[in-house]
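Structural description and commentary
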Amino acid sequence: MGAASFTGLLFLGCGPLATVFVLCLASKSFLVLLALGSAFYWLCTLLLISALFRAWAPLEPSPGPYVGLLLVAVLIQELARVGIWRFHLLSCRVLNRIAQEQRDAPLSVADRFGLALAYGFSHGAVHSAFFFAAWLPLALGDGTIYSAACPQLSFYTVGALSTLGMAALLTGGMVLWLDGLERRDAKQAALAPATHLAAALLTLANFANDGCLATVPLLLAGGAAVAAAAGRRWWQRTTTVPRLAAGLGSRQSQGVEVAPSSSAGDPDAALDRGR
Amino acid sequence: MRRQPQSSRSTGRATPVAAAAAGATMRGLLRRALCCLAALAVLVPAVQAQSQITNVKDLKAAVYTEMTFTGGSGGGDACVRLLNASGTIGCATPSRQRVEGRLQRLDTLLPSPDDYPDGTTFLLPPALLAGFLQQCAASPSLASRVVGVLVEPQPPPSYSQAAQAPLAELALYADRSYPWNPTGSGLIGMALPFPVFLLDNVTTANAQQRAAYNADQGMNSDLALNYARMTLTMDATGNSSACLDAQSCLPLGGHSVLATLPPLPPPANSSGAPAGAPTAAAAADLPALWVLAQVDTAGLFHEAAVGADAPVSGLIAMLAAAEALGSGNASDAMAAAGARYQRRLVFAALAGEPWGLMGSKRLLWELSTAPSNSSLAGLGLTNASLDGVLEVNQVGRARQPSGTVQLFAHGPAGGPPADFLAALQAAAANSSQGGGPASVSVAAASAATPGLPPTASAGSFLRVGGPSVPTVLLSGFNEAFQGSTFHTQYDALKTIYADSIAATAVVLARTAHALALGGGGAAAPAVPLPIDYAAVRVTVDALMQCLLNSTVGLNCPLAKRLMTPTAGGKVSHYIGILRTLTADPQMPEGNVKSDVERFLWNFLAFATAPTPANTSSSSGSSSGGGAAGGGGGDAGGMLRCQALNATACPAGMVCAGSRSLPAPEGLGYCLNASALSVHSITLSTSPCPFLPEGLGYCLNASALFVPSYSLALRCDACDGAKTLYDYRWKAANETAAWEQQYGWPPDPMWMESNWPLGTPALTLYLKEAPATGWALLASGLAVTAASIAVTLGIQWAHRRKLKQH
């Protein structure tokens, strides 16, 4: 493989995620801190799952045991996502209280999307670190490996592309999840766990000969679709209402982007209900 | 010298990356979980691996197959560079860089050297190795184009790796080309400018799969292909003199082990001799009958060569014979008849003989020099007392399909001495006594043979002692070596027979007994040697397990009772390098004397020490030599001792059986006044009456270490003043006159090259075509650039939309 392959795989698997961080989160210190804290939370969650399945590792290499593994793993992550929702409510309430004390405007819809993006980014990043970055240094060496079931794509390539799809799916899914819950849109909120579970179960197709030729494109398509849906929701929610310019300077001083808010769906009411 | 890679893996059926782990502590949990990427198996694909992959280390092992260099039977090994006075032999990479080549299996040799592709590592069955290397030797252009050679371990080929006339320069007859080893290919003597590795079984299966994959790809360099990456850097170049000057090599060497029966008297000026011990005057004038066996073997792959038949079968036969001769039964019979040996039996396990008869040559030089300069100083052995030589070698396959054990007596040109031959035949005729095999036969070697094989150590004694010294090599071959395993890794335990060795041991013991009593010829000895064949067989089985079973090695029960191995019990019959000598040659330091040497020394000490019960009646010229004197001991009043304490025992005694670790429970010595022999150790299964705390016993035995290394070398300041790793070898010429006197050919001065850490190493892996890496880089950059462009575009559109609002 070598340096060229390593760099290529790194950009392939983590480039878009890094783009999101640099262009959407890095300029706002609060979001960076939130992403770091959230990443620690997701790291603990994945460690918990690892510890749980340590007792059974390695599993019999057949789809049966892996279905159970995937179901439990996704379930635990989705339960952790509920924790994210609770923390999101708490953080929004605290931020609104601070804004009120400082005679600032409350969190805008764009602010809330920024928070959701930070949560989603951290989930995707930790997932990538766990399943991709952990072994990526091996790609610096000369060797590669192909599965007998997937002679068309190397393990490294499949890993990078799958990570790309899953990172997009998890990041976008979190945005949809939090926005759906805020607006009490169960269908939208359910998209996140549903697509997560579907993507996880989809990887079972890797057991089949040439299965990777289906799973990799489908994961990429799924990730792109979920990310596009999240982006579309963000666009709709932030551009279909008059812009609120008040408090721009003070909000920037807190490191939280000031962007148009929406009266539709009344997120403050949702926050209250969430208490 | 040998460095071992950490793991060996192979690929096999497709399995998924599996679930992972967590440690007991948070730190361990984090590390494991980060490494155990497969915890969830959410996105990872199936990979090819024999065992499931649970962490990054497993994944790395699946990507890179690294061979472990264990040596021994069935283990992987590398051909390494040796140097002698005229040049180099063995293998090395052409430069200090590691090399890699596409893996291609050869099913047959190609007719022309030009037909072989460039940049290739060839995977060969053993049958093709000799032919391929001979093609390389004949075509320097081919040799320069070959990246490396990997040799499969099986099936055994029909050739030997030694020359057809090995050590011909040492032959004592005119026709030096006589093919004692008719299947010899001479591979051992080749100098190869590329690495040659012997694969282990696991790596072989892996390499064959990888080579088959390459063949399926048509060896197309535009596709991913399997490569072999090899590290075999050798520091030494030129010849042994050059590398000695550059300090880039170390001499081949070790220690021969001697033991005498009866024991030698203590030096005349010593004090504290044990009660009943003979005086020098009483015993020093006994002529010596030497019973020889060789310890080491050779091969293209040094550590893989076991030498079961040549020479270890002979070594085991000699050890078992020594035990039978030194047993309590034998000494009791001697004492009852009032008989005494007229010749002193000297058992010699000679080290380094495949390398120019290094061990026997050095021993004879030591015997020939003034006692004050010799490792045998003050011990009364001189070559003036040389009164006969009985060597035993290659007797593991003497059993014929009919069940007869057929042995042959080789002697100097003209045949073996008549009295020795007659004594051997008489001993063979009595083989059934004591429960021995019904049919053992000893015949003179064919008249077609020109004389003693030049590989025989007895030839060194004949050269120095002159034709008047009766000399016999007892072996299982007649006109030529049996089979094609001489000096190969295929001369293994499963190719020899224990009953063949045991029968030889009995014949050897009876013959030595008869000759030592002063008889000889076909006449029965005055005191028949009582032999329990079953006990001999038990000893032979135990020795085969210790010296030839690579799985057990010196972790065998017998060795654990005698000493503590320092190399994990691993047995090597390659002499290896000699870093230094001890100031006192008899000090059994584990970092100077090998485990095998210390095992042989302890075995022979116990085998030849008289039992305490016979002490009072023994004399210097009888079979017993006196027991441990002094009080404060146990087990029949024997003194306990620490082997590394030079003054642990009274003069004339040795400290044997000392261990740095206590023996396992139930494996300690069961010494008492009536049982002190290797036999009692071998058979002991009952709990011992006292704790085996690791101390040795002072035995009235004469067991000696004699250094074995080139006579052209001198160890400077080998007095313990320098550390073990200081270089202290210099060229020497003190022996030139002596060598010239006896017509020795120029000393080969065998040395082994140094090599850096991480050598040797062999890694098999699948390598992408170069275009793939660039394609991946382009794809990654494109995806990242696209994501940047899309994000910036959306942000720009978003801001514009907001402005519109």
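Residues numbered from 1 in each chain as written. Chains lettered and ligands numbered in written order. Predicted model: local features only at pLDDT ≥ 70, side-chain atom pairs only at ≥ 80, totals over all residues. Heavy atoms only, no water.

**Digging into the overall build of chain B**
Looking only at helices and strands, one finds 19 helices and 28 strands in chain B. Looking at chain B as a whole, 62% of its 805 residues are labelled buried. Relative to all contacts within chain B whose residues are 6 or more apart in sequence, the contacts with residues 24 or more apart total 80%. Put simply, chain B shows about 28000 Å² of open surface, and 54% of that area lies on carbon and sulfur atoms. (Helix = DSSP H or I, 4+ residues; strand = E, 2+ residues; numbered from the N terminus. Buried < 20%, exposed > 50% of the residue type's maximum accessible area, 1.4 Å probe, protein only. Contact = heavy atoms within 4.5 Å. Areas by Shrake-Rupley, 256 points an atom, 1.4 Å probe, with all protein chains shown as cover.)

**Quick look at the UniProt feature "transmembrane region" (unreviewed entry) in chain B**
When the UniProt feature table is mapped onto this chain, "transmembrane region" (unreviewed entry) is found at residues 774-797 of chain B. Along residues 774-797 of chain B, the helical share is 100% and the strand share 0%, with 34 Å between the first and last C-alpha atoms. (UniProt positions renumbered as here; feature names shortened; annotations may be inferred.)

**Section: the packing of helix 1 (residues 3-25) of chain A against helix 4 (residues 109-133) of chain A**
All names here are of chain A. At a closest axis distance of 11 Å, the pairing of helix 1 and helix 4 adopts a crossing angle of 160 degrees. It follows that helix 1 is roughly antiparallel to helix 4 by the angle criterion. Where helix 1 crosses over helix 4, the two elements pack in a sense that is left-handed. Across the interface between the two elements, Leu-9, Leu-10, Gly-13, Cys-14, Leu-17, Val-20, Phe-21, Cys-24 and Leu-25 of helix 1 pack against Gly-114, Leu-117, Ala-118, Phe-121, Gly-124, Ala-125, Ser-128 and Phe-132 of helix 4. Its residues placed into classes, the contact of helix 1 with helix 4 shows 13 nonpolar, four polar and no charged. (Axes fitted to C-alpha atoms, helices over the stretch in contact; angles between N-to-C directions. Parallel < 35°, antiparallel > 145°, perpendicular 65-115°, else oblique. Left-handed = near helix turned anticlockwise from the far one by under 90°. Nonpolar A, V, L, I, M, F, W, Y, C, P; charged D, E, K, R; others polar.)

**Remarks on the sheet that holds strand 27 (residues 751-753) of chain B**
The strand order 10-6-5-27-13 (chain B) describes an open sheet built from five strands, whose pairing is mixed. What marks the edges here is a single partner per strand, and that holds for strand 10 (191-192) and strand 13 (249-251) of chain B. (Pairing = 2+ DSSP bridges.)

**Examining the sheet that holds strand 14 (residues 253-261) of chain B**
Residue and element names in this part refer to chain B. Taken together, the eight strands give an open sheet; going across it, the order is 19-18-20-17-15-16-14-24, and neighbouring strands pair in mixed fashion. Each end of this open sheet is capped by a strand with a single partner; those strands are strand 19 (440-444) and strand 24 (702-709). Taken pair by pair, the neighbouring strands of this sheet meet at an average axis angle of 20 degrees, ignoring direction. Both strand 15 (residues 288-294) and strand 17 (residues 386-393) contribute to a ladder of four bridges, which runs parallel. Bridged to Trp-290 within strand 17 is Val-389.

**A word on the state of the cysteines**
Note: disulfide means a covalent bond formed between the sulfur atoms of two cysteine side chains. Under the counting rule described, the total for this entry stands at seven disulfides over all chains. Put simply, Cys-649 of chain B and Cys-698 of chain B are joined by a disulfide, and their sulfur atoms are 2.1 Å apart. The chirality of the disulfide connecting Cys-649 of chain B with Cys-698 of chain B is left-handed, given an S-S dihedral of about -90 degrees. Within this pair, whereas Cys-649 of chain B is found in the loop between strand 21 (640-641) and strand 22 (654-656), its partner Cys-698 of chain B is found in strand 23 (residues 696-699), the two being separated by 49 residues in sequence. For the pair Cys-649 of chain B and Cys-698 of chain B, one class covers both residues: buried. Here the disulfide map of chain B reads 1-2, 3-4, 5-6, 7-9, 8-10, 11-12, the bonded cysteines being numbered as they appear in the sequence. Among the cysteines around Cys-14 of chain A, which has no disulfide bond, Cys-24 of chain A carries the closest sulfur, lying 16 Å off. (Disulfide = S-S within 2.5 Å.)

**Digging into a nonpolar patch on the surface**
On the surface, a nonpolar cluster with roughly 480 Å² of combined accessible area is contributed by Leu-52, Trp-56, Val-67, Leu-71, Val-72 and Leu-201 of chain A. In terms of residue count, the dominant contributor to the nonpolar patch is helix 3 (residues 63-101) of chain A (three residues). (Patch = residues over 30% accessible without salt bridge, like charges linked within 9 Å, V, L, I, M, F, W, Y side chains within 5 Å. Salt bridge = Lys/Arg side-chain N within 4 Å of Asp/Glu carboxyl O.)

**A closer look at the pairing of strand 20 (residues 471-475) of chain B**
Residue and element names in this part refer to chain B. Among the five residues in strand 20, five count as buried, and that is most of the element. Taking every second residue as pointing to the same face, both faces of strand 20 are buried, with Thr-471, Leu-473 and Ser-475 on one and Val-472 and Leu-474 on the other. As judged from the three bridges shared by strand 18 (residues 405-410) and strand 20, these two strands associate in the antiparallel manner. Each residue of the ladder has a partner; that of Phe-408, found in strand 20, is Ser-475.

**Observations regarding the environment of Gly-253 of chain B**
Residues and elements named next belong to chain B. Tracing the chain through its elements places Gly-253 in strand 14. On the basis of relative accessibility, which here comes to 3%, the residue Gly-253 falls in the buried class. Each C-alpha atom, one on Gly-253 and one on Phe-599, is 17 Å from the other, the two residues being 346 residues apart in sequence. Other than its neighbours up to four places away in sequence, Gly-253 contacts Met-358, Ile-575, Gly-576, Ile-577, Leu-578, Ser-708 and Tyr-709.

**A look at the UniProt feature "domain: Nicastrin small lobe" (unreviewed entry) in chain B**
Look at the UniProt record and you will see "domain: Nicastrin small lobe" (unreviewed entry) annotated at residues 78-236 of chain B. What you have in residues 78-236 of chain B is 22% helix and 25% strand, and the ends, taken at the C-alpha atoms, are 16 Å apart.

**Let's talk about unusual backbone geometry**
Residues and elements named next belong to chain B. In this model, Gln-154 is joined to Pro-155 through a cis peptide bond whose omega is -5 degrees. Note on placement: Pro-155 falls in the loop between strand 9 (146-151) and strand 10. One non-glycine residue, Met-749, adopts positive backbone phi at about 55 degrees.

**Considering the packing of aromatic side chains**
With the rule as written, the count across this model stands at 30 aromatic pairs over all chains. Look at Phe-130 of chain A and Phe-131 of chain A: their rings are 5.7 Å apart centre to centre, the planes differ by 65 degrees, and that puts the pair in the edge-to-face class. Given the relative accessible area of 0%, Phe-130 of chain A is considered buried. Overall, Phe-131 of chain A belongs to the buried group, its relative accessible area being 0%. Here Trp-355 of chain B and Trp-750 of chain B contribute two aromatic rings whose centre-to-centre distance is 5.3 Å and whose plane-to-plane angle is 65 degrees, an arrangement assigned as edge-to-face. (Phe/Tyr/Trp six-rings, centres within 6.5 Å; stacked < 30°, edge-to-face > 60°.)

**Some thoughts on the pattern of salt bridges**
Using the criterion set out here, one finds 24 salt bridges over all chains in the structure. Across the pair Glu-739 of chain B and Lys-361 of chain B runs a salt bridge, and its minimum N-O distance is 2.7 Å. Highlighted residues: Glu-739 of chain B in helix 18 (residues 736-741) and Lys-361 of chain B in helix 10 (residues 358-368), separated in sequence by 378 residues. Of the two residues, Glu-739 of chain B and Lys-361 of chain B, both sit in the buried class. Three or more residues joined by partner-sharing salt bridges are found here, namely Asp-179, Arg-183, Asp-185, Arg-233 and Arg-237 of chain A.

**Observations regarding the pairing of strand 17 of chain B**
For a regular strand, side-chain orientation follows a simple rule: the groups alternate between the two sheet faces. Residue and element names in this part refer to chain B. Burial analysis of strand 17 places seven of its eight residues in the buried class, the great majority of the element. Of the strand pairs in this sheet, strand 17 and strand 20 are connected by five bridges, and their pairing is parallel. Note that in strand 20 the partner of Asn-393 across the bridge is Ser-475.

**Brief notes about helix 12 (residues 458-465) of chain B**
All names here are of chain B. Among the eight residues of helix 12, seven are classified as buried, and the element is accordingly described as predominantly covered. Restricting attention to buried positions, one finds in helix 12 the residues Ala-458, Gly-459, Ser-460, Phe-461, Leu-462, Arg-463 and Val-464. Buried residues along helix 12 sit against strand 15, helix 10, strand 17, strand 20 and helix 18.

**A closer look at the side chain of His-573 of chain B**
All names here are of chain B. For His-573, the position within the fold is in the loop between helix 15 (557-562) and helix 16 (595-608). By relative accessible area, which is 2% here, His-573 ends up buried. One polar contact links the side chain of His-573 to the main-chain carbonyl oxygen of Val-295, over a distance of 3.3 Å. Among the polar contacts made by the side chain of His-573, one reaches the main-chain carbonyl oxygen of Leu-547 at a distance of 2.8 Å. (Polar contact = N/O pair within 3.5 Å; in protein donor to acceptor, adjacent residues only side chain to side chain.)

**Observations concerning the UniProt feature "transmembrane region" (unreviewed entry) in chain A**
Residue and element names in this part refer to chain A. Following the UniProt record, one finds the feature "transmembrane region" (unreviewed entry) at residues 6-25, 32-53, 65-84, 113-135, 155-178, 190-208 and 214-235. Its end C-alpha atoms 29 Å apart, residues 65-84 is made of 100% helix and 0% strand. Overall, residues 113-135 shows 91% helix and 0% strand. The separation of its end C-alpha atoms is 32 Å.

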